[in-house]
Structures are given as C-alpha cells and as structure tokens.
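Descriptive structure summary
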Amino acid sequence: MSAGSSARPIGRAGIGLDRVRALQRVLYRSAKQNPERRFHALFDKVARSDVMWRAWGDVRANKGAPGVDGVSIDAVERSGVQAFLEALAADLRSGRYRPSPLRRVHIPKPGRPGQTRPLGIPTVRDRVVMAAARIVLEPVFEADFLASSFGFRPKRSAHMAVEAIRVCANRSNDWVLDADIKACFDEIDHDALMADISRRVIDRQMLKLLRCWLRAGIFEGGVITESGSGTPQGSPISPLLANIALHRLDQAVVGGERQTGTLIRYADDFVVLCPNAERAREAQRRAAAVLGALGLRLNPEKTRIVELTRGKEGFDFLGFHLRKVESWKWRGKFYLQRWPSATAMNSIRTKIRALTDRRYTEMPIASVVDRVNPVLRGWGNYFRTGNSARKFNQIDSYVHERLAILACNKHQLSGRKWDSHFNGEWFRRLGVHTLKGSIHYGTAHASR
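Summary of the structure given here. (Residues numbered from 1 in each chain as written. Predicted model: local features only at pLDDT ≥ 70, side-chain atom pairs only at ≥ 80, totals over all residues. Heavy atoms only, no water.)

Glancing now at the pairing of strand 11 (residues 334-340). Judged by how many residues are buried, strand 11 sits mostly within the fold: six of seven residues are covered. Pairing between strand 10 (residues 320-326) and strand 11: seven bridges, direction antiparallel. Counterpart to Arg323 in the pairing with strand 11 is Gln337. (Buried < 20%, exposed > 50% of the residue type's maximum accessible area, 1.4 Å probe, protein only. Helix = DSSP H or I, 4+ residues; strand = E, 2+ residues; numbered from the N terminus. Pairing = 2+ DSSP bridges.)

In structure tokens:
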C-alpha cells in the first residue's frame, strides 16, 4: 500500500505547510490510523527535489567534518549545490548510488579526562541521502513511538524528560532503576533492527538502502573494517534507527500483565521509576532480556537501583543530579530537585580553565571574556531549569577567580589582589555573563 492511497491527498492535508511537511503529515496520519499498515512506496520520495533540498539544509546547519572522500560542505557550495543534489538524486533513481565507508574519529567524553567515544563520519553525499531518508521514515515510526521516549524526536527535549522524572518521582515512586546500555550505538544487532523496520516498511529499495548503510564499514588507520552490528554515532539517521530498536524496550518495560514502573528514555539513556524495590528489580530483568534480543546489554558497573526515599540516594541523568530534598517550609515533605551533576561541573570548569590559561596573558582581558561568555551562556541555558542556584554561584566565583589569576599574571602581580584590584566591581565591569539569577523554577509537587 502506498502512502497516499488511504490518507487524504498531500494538497488537502498540508494546507499552510510546505510540501515536505505535508508529506510527513500524510505519512504520520497513515501510520497512526492503521498500526498494522506496512509501507511499500517510500524510496521514491527520498529522491524528491524538495526532500533533497530540505535534507541539504539540515546537513549544512549541522556542519560537520568531511568524510573519507575529503569533500566538505564548503566545497559542495563552491561547486554548486543544485548540480550536486540533482546528480545525487539521479544516482538514487538509477540504482547507481553506493555509500562510502564511515571515517572513524574519537572525541573526548565530556567531564571524563582520558576517555573517548568513537564517531563515524559519513561523506557529505551520504549525509544528505541519510537526512532525506530520515525525513521520510521518521513520521512512519513516530506514529508508534511511546510517550516515554524523548531523545531525538520532534517537539521533545532533554528538559521534558527530566521534568517527567520529577513529576513521576513526586508521586510516591521512590525506587529508580538507573540503567546504562553498554556501547548501544556500536552493538545493535543488524538483523534485529531490520526486522523491527520491516514491521512498517516493505519497500525493498528502502530496506536495501538501510542495509547498505549498516554494512558500509569503518575506515580507520588506512583499513576498512566491515561492521556486523551497530549504527555508529555521527550519521543523521543513527538516532532514528536506535529509537526504532529501543522501542522494544519501551514496550516491554511499560507493558505486560503488570506495568513495572514509569520508563523515561532519552536515546540510549533511561531510568524506570517504581513504587517499590521489587518492581525495580523486575524492570531490570525485563530490560536485560529485551536488550539481549537486540545484541545489547546493561553495563553492570553503571546500572543500579536507587532509593530516593527522604533523600537517601540520588542519581545522574542527562547531566543533572536528581535527589529528593526536604522542604524548608513544610517539614517532613520531600521534593525531587535537580542541579548540575559533578561531571557537568567538572566539564564547565575544565572549559573555563582552558579559556583562561596563562598562555592568554598577551590577549586583552575583554577578548578572553568574549571567548568565555558563549560557553557560560550555553551551559547556563541548559541547567537553568531546576535548582541550580548554588552551583551557578560556584561557577560565577570560579570564573571570577580564573580571570583574576589571569589578570595578575598579565600584570606580573603577586597574589590575586581580590580587594585592591580585581574585586567584585572589577568583575562586573568586565561584562562577564553571570549565571546568578537566571534560574527558572518549575511547579512543585511534594511527596512524603
């Protein structure tokens, strides 16, 4: 069955929308109206000119380094985007398109000195086709995804996931399965993933395209290694493929004869909030079983069951530390609060330390501040929801200290001259972006 045979035509469904959004709306409605429907006419839409241009816009906005062919986004723009997209679409329609291997790079893990995570960087050409395929496939699977999933989905965010945890925990769910999937993007079983995709998609050309990407291989150290599992981080379609695979987890934990608890998942990070320890252990058993069928496993060193009762324990999720704290106004009542985790605090301190290193003594202080401010603003905007006031004050003090040390080194002064030279008034005159006073508090819900 094709996408438009039972749904309203694109022209009528997409009044006030561009044609790409109208297409996505038709696909979503078709999938939502019939949960058993399988789509057989999707590949031709990947090569549509409007879809390709939208995909190019997404790839260009995300920037990114060149792949194994060395062709950058700037190089494509210099040679002509129109011709590039037309040639790429022609290759897709004729069946000549073949993906290149991914270029493997290792990037540092934030807040974890010495640790790295692998990224697979596709060529710009492959990234555009992947983005186009995501545009077409995403609405089909969005119709099935549960409300418990927040990562890399339209109109959903990390803050919404953390807020959902706060609301749920304050409704007497004091036991948490704090889970970590070991090397999720690198170990997803290809056959299991393709089986899940085939529940909705029977377009042979689309399925072949997805398999080609999964088997494209990794280029590292001059050698191409074939990959039998995984959807390497770094490609535009990997988050969608991971969500499709982990949809099984969402169904298993919240389904069954008896719901074990409330699952909150952001890509491969998830927690399950439960009313008692028994249900938390059952959630862990279910999760391990489902992940095993996908070729995945829980990391035993980082997976634990946490008791939140009366602030006994806390846990980290998406950069925040979450813990129940007794109300200063209503004694005996505990609220789940959140603030930047120790890892997040170490990460921002490391960045500030690097930006205010003594090698910048020859640079004007105002120029250093111009480099520091965007980092502070971005970090602060992410963590300003919740209860971060104390942590924000610590970071403001640390920035003040680092700039005072830099100024002392610049002027060859001994000590830090807090009172005489580089006091609070001096710090304010610099125009540093301060975090104090930028907190946005949510609605309170308490539990005993």
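The subject of this paragraph is helix 16 (residues 389-411). For helix 16, with 23 residues, the first-to-last C-alpha span of 33 Å sits near the 33 Å given by 1.5 Å per residue. Check the buried side of helix 16 and you find it contacts helix 14 (342-355), helix 15 (365-383) and helix 17 (424-429). Among the residues trailing helix 16, Gln412 stands out with phi positive, at a value near 55 degrees. (Expected span 1.5 Å × (residues − 1). Contact = heavy atoms within 4.5 Å.)

We now examine the packing of aromatic side chains. Applying the stated criterion to the full structure yields eight aromatic pairs. Consider the rings of Trp379 and Phe383, whose centres lie 4.8 Å apart with planes at 45 degrees: the pair is tilted. Pair noted here: Trp379 and Phe383 are both in helix 15, with a separation of four residues, about one helical turn. Overall, the relative accessible area of 10% leaves Trp379 in the buried class. For the ring pair Tyr382 and Phe383, a centre distance of 4.8 Å and an interplane angle of 85 degrees mean the geometry is edge-to-face. Overall, Phe383 belongs to the buried group, its relative accessible area being 4%. Members of the aromatic cluster, each reached through a chain of ring pairs, are Phe320, Trp379, Tyr382, Phe383 and Phe392. Its end group placed over the ring of Phe320, Arg338 keeps NZ or CZ at 5.9 Å from the ring centre. Positioned over the ring face of Tyr360 is Arg371, at 4.8 Å from the centre of the ring. (Phe/Tyr/Trp six-rings, centres within 6.5 Å; stacked < 30°, edge-to-face > 60°. Lys NZ or Arg CZ within 6 Å of the ring centre and 35° of its normal.)

On to the sheet that holds strand 10. The strand order across the open sheet built from three strands is 9-10-11, with neighbouring strands paired in antiparallel fashion. The open sheet terminates on both sides in strands that have one partner only, identified here as strand 9 (314-317) and strand 11. Taking each pair of neighbouring strands and ignoring which way they run, the sheet shows an average axis angle of 30 degrees. Those strands touched by helix 8 (residues 158-169) are strand 9, strand 10 and strand 11, and its axis lies near 155 degrees from that of strand 11. (Axes fitted to C-alpha atoms, helices over the stretch in contact; angles between N-to-C directions.)

This part takes up the pattern of salt bridges. The tally for this structure, following the rule as stated, stands at 24 salt bridges. Of the charged contacts in the structure, one is a salt bridge between Asp178 and Arg304, with a shortest N-O distance of 3.7 Å. Linking Asp178 in strand 3 (residues 175-180) with Arg304 in strand 8 (residues 304-307), this pair joins segments that are 126 residues apart in sequence. A salt bridge links Glu326 to Arg331; its shortest N-O distance comes to 3.8 Å. The exposure class of Arg331 is exposed, given its relative accessible area of 58%. (Salt bridge = Lys/Arg side-chain N within 4 Å of Asp/Glu carboxyl O.)

With that settled, consider a nonpolar patch on the surface. Among the surface-exposed residues, Val68, Phe219 and Ile224 lie close enough to one another that they form a single nonpolar patch of about 230 Å² accessible area. Here Phe219 is to be found in strand 4 (residues 218-220). (Patch = residues over 30% accessible without salt bridge, like charges linked within 9 Å, V, L, I, M, F, W, Y side chains within 5 Å. Areas by Shrake-Rupley, 256 points an atom, 1.4 Å probe, with all protein chains shown as cover.)

On to the sheet that holds strand 6 (residues 262-266). Taken in spatial order, the four strands of this open sheet run 6-7-3-8, and their pairing is antiparallel. Edge strands, defined here as strands with exactly one partner in the open sheet, are strand 6 and strand 8. The sheet shows a mean angle of 20 degrees between the axes of neighbouring strands, taken without regard to direction. Of the pairings in the sheet, the one linking strand 3 to strand 7 (residues 269-274) comprises six bridges and is antiparallel in character. Residue pairing for strand 7: Val176 is matched across the bridge by Leu273. Against the sheet, helix 8 contacts strand 6 and strand 7, and its axis sits at roughly 165 degrees relative to strand 6. On top of the sheet, helix 12 (residues 238-254) reaches strand 6 and strand 7; it is set at about 165 degrees to strand 6, its chief contact.

Residue position: Ile439 is located in the segment after helix 17. Its relative accessible area of 17% is what places Ile439 among the buried residues. Along the backbone, Ile439 and Gly386 are 53 residues apart, and their C-alpha atoms lie at a distance of 6.9 Å. Leave out the neighbours within four places in its chain, and Ile439 touches Arg384, Gly386, Ser388, Ala389 and Phe392.

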